[in-house]
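A closer look at the structure
Chain by chain, the residues:
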Amino acid sequence: YAKSNAPTELTLLADKIKAADGYIMISPEYNHSMSPALADLLNHFGSSLFSYKPSAIVTYSAGQWGGVRAAICMRTFLSELGCLPVSAMIHVPKAQDVFSEDGKPVAGESQSSWFNYFSRTFGQLIWWAQAAKEHTEVVDPQSLLKSFKTDPSQRNAP
Ligand SMILES: Cc1cc2nc3c(=O)[nH]c(=O)nc-3n(C[C@H](O)[C@H](O)[C@H](O)COP(=O)(O)O)c2cc1C
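Residues numbered from 1 in each chain as written. Predicted model: local features only at pLDDT ≥ 70, side-chain atom pairs only at ≥ 80, totals over all residues. Heavy atoms only, no water.

In the structure shown here, the tally under the stated rule is 2 salt bridges. Across the pair E29 and R69 runs a salt bridge whose closest N-O atoms are separated by 2.7 Å. In this pair, E29 is assigned in the loop between strand 1 (23-28) and helix 2 (36-45) and R69 in helix 4 (residues 68-81), connecting sequence segments 40 residues apart. Look at E29 and you get buried, because its relative accessible area is 15%. Judged by its relative accessible area of 32%, R69 falls in the partly exposed class. Across the pair D102 and K104 runs a salt bridge whose closest N-O atoms are separated by 3.8 Å. On the basis of relative accessibility, which here comes to 57%, the residue D102 falls in the exposed class. When its relative accessible area of 53% is taken as the criterion, K104 is described as exposed. (Salt bridge = Lys/Arg side-chain N within 4 Å of Asp/Glu carboxyl O. Helix = DSSP H or I, 4+ residues; strand = E, 2+ residues; numbered from the N terminus. Buried < 20%, exposed > 50% of the residue type's maximum accessible area, 1.4 Å probe, protein only.)

Within the structure, the ligand sits among P28, E29, Y30, N31, H32, Y60, S61, A62 and R69. One of the side-chain nitrogen or oxygen atoms of E29 is found 2.7 Å away from a nitrogen atom of the ligand. In the model, an oxygen atom of the ligand is placed 2.3 Å from a nitrogen or oxygen of the Y60 side chain. If the ligand stood free it would expose 620 Å²; the protein chains cover 54% of that surface. Along the lines of polarity and charge, the residues of the shell around the ligand split into 4 nonpolar, 3 polar and 2 charged. (Near = heavy atom within 4 Å. Polar contact = N/O pair within 3.5 Å; in protein donor to acceptor, adjacent residues only side chain to side chain. Areas by Shrake-Rupley, 256 points an atom, 1.4 Å probe, with all protein chains shown as cover. Nonpolar A, V, L, I, M, F, W, Y, C, P; charged D, E, K, R; others polar.)

Once that is clear, we can look at a nonpolar patch on the surface. Together, Y52, V138, V139 and L144 make up an exposed nonpolar region whose accessible area comes to about 380 Å². Assignment of secondary structure puts L144 in the segment after helix 6 (111-138). The exposed category is assigned to L144, whose relative accessible area is 51%. (Patch = residues over 30% accessible without salt bridge, like charges linked within 9 Å, V, L, I, M, F, W, Y side chains within 5 Å.)

Let's shift gears to the sheet that holds strand 3 (residues 90-92). One key point about sheets: their strands pair by backbone hydrogen bonds, in either a parallel or an antiparallel sense. One open sheet accounts for 3 strands, arranged 1-2-3; its pairing is parallel. Each edge of the sheet is formed by a strand with only one pairing partner; in this case those strands are strand 1 and strand 3. The average angle at which neighbouring strand axes cross in this sheet is 15°, direction not considered. Across 3 bridges, strand 2 (residues 55-60) lies against strand 3 in parallel orientation. Counterpart to V58 in the pairing with strand 3 is I90. (Pairing = 2+ DSSP bridges. Axes fitted to C-alpha atoms, helices over the stretch in contact; angles between N-to-C directions.)

If you want it as structure tokens, here you go:
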């Protein structure tokens, strides 16, 4: 869409993405890859809104691997967008047994183990998000772009 022609929903979403300090990228595993819906959303907005901010990868599946193969693809994808994934990831196998229909963790003995598991990834995300935000206030990342402003060939090796 040309800037002024985008539907209101997309403009509001772009504002939300721009305002965020970091991202939790949640995806089921489809054919060992990330959700096409999430890929489409990320492709639509592109790197300018996401870059220089960290992300955390969270995957789930109905089976036993918890979407780990999708997560590996997401690392490359998110790195290219410029929102670098933190090292810890969250994978939820048999998601239908872990969460209730309203998205809350099912009560039980394993609940606190899940919270501990999540907190490692989210702790890293928060640390990097705060660090990136503070440094962005010191150095505007866009000011570093000397080339690659108009043509992708501008970032080719000489
Ligand atoms: C087209 C399709 C491909 C799938 N591929 C995988 C897969 O590669 N690995 C896996 O663990 N589960 C796979 N699944 C199962 C999904 O992980 C499971 O259906 C999950 O609930 C999808 O999340 P959603 O219900 O939020 O869309 C696939 C499901 C569909 C419909």
